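The primary structure of each chain is shown beneath.
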Amino acid sequence: MFFEVEMLRDVAVPSKLMDRNGLFLQRYIVTRLLENLLSEKASRDLGYFLAVSTLKSIRRGESVNESGDVSFRILFECRTFLPIRGEILQGVVYATFSFGVILRCGPVKYALISPRLMPNYHYVSGEKPFFSNEELGKIENGVVVRFLVIGVGWIEKGRNLEKEFLIFGRVGGESLGPISLPGTDEIDL
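Being a predicted model, the structure only gives us computed values, none of them experimental. (Residues numbered from 1 in each chain as written. Predicted model: local features only at pLDDT ≥ 70, side-chain atom pairs only at ≥ 80, totals over all residues. Heavy atoms only, no water.)

S.K.: What is the right way to read the pairing of strand β8 (residues 108-113) from this model?
M.R.: In regular strands, side chains alternate between the two faces of the sheet. The pairing of strand β7 (residues 100-105) with β8 spans four bridges and is classified as antiparallel. When the sheet's bridge partners are listed, valine 101 is paired in β8 with isoleucine 113. Counting the residues in the hairpin turn of β7 and β8 gives two residues, including glycine 106, whose phi is positive at 60 degrees. With four bridges joining them, β8 and strand β13 (residues 162-170) adopt parallel strand pairing. Pairing of leucine 112 across the sheet is with phenylalanine 168, part of β13. (Pairing = 2+ DSSP bridges. Helix = DSSP H or I, 4+ residues; strand = E, 2+ residues; numbered from the N terminus.)

Structural data, given as structure tokens:
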């Protein structure tokens, strides 16, 4: 789910970037804020940081240490994406295995749907494995799938993951499963 949240961050700027009037370029301060958010990526409580939507204020800079860096406190609004149990999302399948499919959904790299949570679908192995059902629904790599979020996990720091949400989903039921987006498989006359 998307949210607009008010955030407060301190941004350090090297004093050598001060102009001859003793002022810092606002553009550089904001660029540093964006770089910091990009490296921070996400938080368990707020979700993924997508965009700074409103810059509310930049407080006067204060000297940080003997290096001469100047710290600015910035108040801003940020658009975030936080996956929530019970919501319906869409993702693109990028890996298909006998133990399920893995989808990407916006900034979420790992949304897993287990075969047990795909009622009436069965696994078909081969060079390009897929799941299919009797109604000719097919879930394979590259297909967009609408699914219900049944669980959300957070990894602060793991083996190969850092600050990532894991989503567990299910298909089956009304309007869930593979979907056809306008223009994806229509014949152009």
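S.K.: Just checking my understanding: could you explain the nonpolar core for this structure?
M.R.: Among soluble globular proteins, nonpolar side chains are generally buried collectively. Counting 24 residues, the largest nonpolar core has Leu103, Ile113, Ile139, Val145, Phe147 and Val171 as its most contacted members. Elements that contribute at least two residues to this core include exactly β6 (88-97), β7, β8, β12 (144-157) and β13. Broken down by element, this core gets its largest block of residues, four residues, from β12. If you look at the next biggest cluster of nonpolar residues, it comprises 13 residues, including Val13, Leu37, Phe72 and Ile74. (Core = buried A, V, L, I, M, F, W, Y, C linked by side-chain atoms within 4.5 Å. Buried < 20%, exposed > 50% of the residue type's maximum accessible area, 1.4 Å probe, protein only.)

S.K.: Looking at this structure, I do not really get the sheet that holds strand β11 (residues 138-139). What am I missing?
M.R.: By definition, the strands of a sheet pair up through backbone hydrogen bonds, in either a parallel or an antiparallel sense. Read from one edge to the other, the open sheet built from three strands follows the order β9-β10-β11, with strand pairing classed as antiparallel. Looking along the sheet, the strands with just one partner apiece sit at the ends: β9 (122-124) and β11. One ladder, built from two bridges, connects strand β10 (residues 130-132) with β11; its direction is antiparallel. Each residue of the ladder has a partner; that of phenylalanine 131, found in β11, is isoleucine 139.

S.K.: Looking at this model, I keep getting lost on the packing of aromatic side chains. Mind explaining?
M.R.: Given two aromatic rings, their pairing is described by the distance between the two centres and the angle made by the two planes. Per the stated rule, a full pass over the model turns up five aromatic pairs. Ring centres of phenylalanine 2 and phenylalanine 81 lie 5.3 Å apart, and the angle between their planes is 50 degrees; on these two criteria the pair is classed as tilted. You can see phenylalanine 2 sitting in strand β1 (residues 2-13) and its partner phenylalanine 81 sitting in strand β5 (residues 70-81), a full 79 residues away along the chain. Residue phenylalanine 2 is classed as exposed on the basis of its relative accessible area, which comes to 57%. A relative accessible area of 5% places phenylalanine 81 in the buried class. Arranged with centres 5.3 Å apart and planes meeting at 55 degrees, the rings of tyrosine 123 and phenylalanine 131 form a pair that is tilted. (Phe/Tyr/Trp six-rings, centres within 6.5 Å; stacked < 30°, edge-to-face > 60°.)

S.K.: What exactly am I supposed to notice about the pattern of salt bridges here?
M.R.: Oppositely charged side chains can pair when the atoms bearing their charge come close. Within the structure shown, the criterion is met by eight salt bridges. Between glutamate 164 and lysine 41 there is a salt bridge, with its nearest N and O atoms 2.4 Å apart. With a gap of 123 residues between them, glutamate 164 in strand β13 and lysine 41 in the loop between α1 (26-40) and β2 (42-43) connect regions that are remote in the sequence. As a salt-bridge pair, lysine 56 and glutamate 77 come within 3.3 Å of each other at their nearest N and O atoms. One end of the pair, lysine 56, is in strand β3 (residues 47-58); the other, glutamate 77, is in strand β5, with 21 residues separating them in the sequence. Accessibility expressed as a relative area gives 23% for glutamate 77, which makes it partly exposed. (Salt bridge = Lys/Arg side-chain N within 4 Å of Asp/Glu carboxyl O.)

S.K.: Explain the pairing of β13 here, please?
M.R.: Of the strand pairs in this sheet, β12 and β13 are connected by eight bridges, and their pairing is antiparallel. Paired with lysine 157 across the two strands is glutamate 162, which belongs to β13. In textbook terms, the turn of a hairpin is the stretch between consecutive antiparallel strands, and for β12 and β13 this stretch comprises four residues.

S.K.: Even after reading the chapter, I still don't get the side chain of threonine 96, so can you show me in this structure?
M.R.: Assignment of secondary structure puts threonine 96 in strand β6. At a separation of 2.7 Å, a polar atom in the side chain of threonine 96 contacts the side chain of asparagine 141. In this structure threonine 96 touches Val101, Tyr123, Pro129, Phe130, Phe131, Glu140 and Asn141, once residues within four positions along its chain are discounted. (Polar contact = N/O pair within 3.5 Å; in protein donor to acceptor, adjacent residues only side chain to side chain. Contact = heavy atoms within 4.5 Å.)

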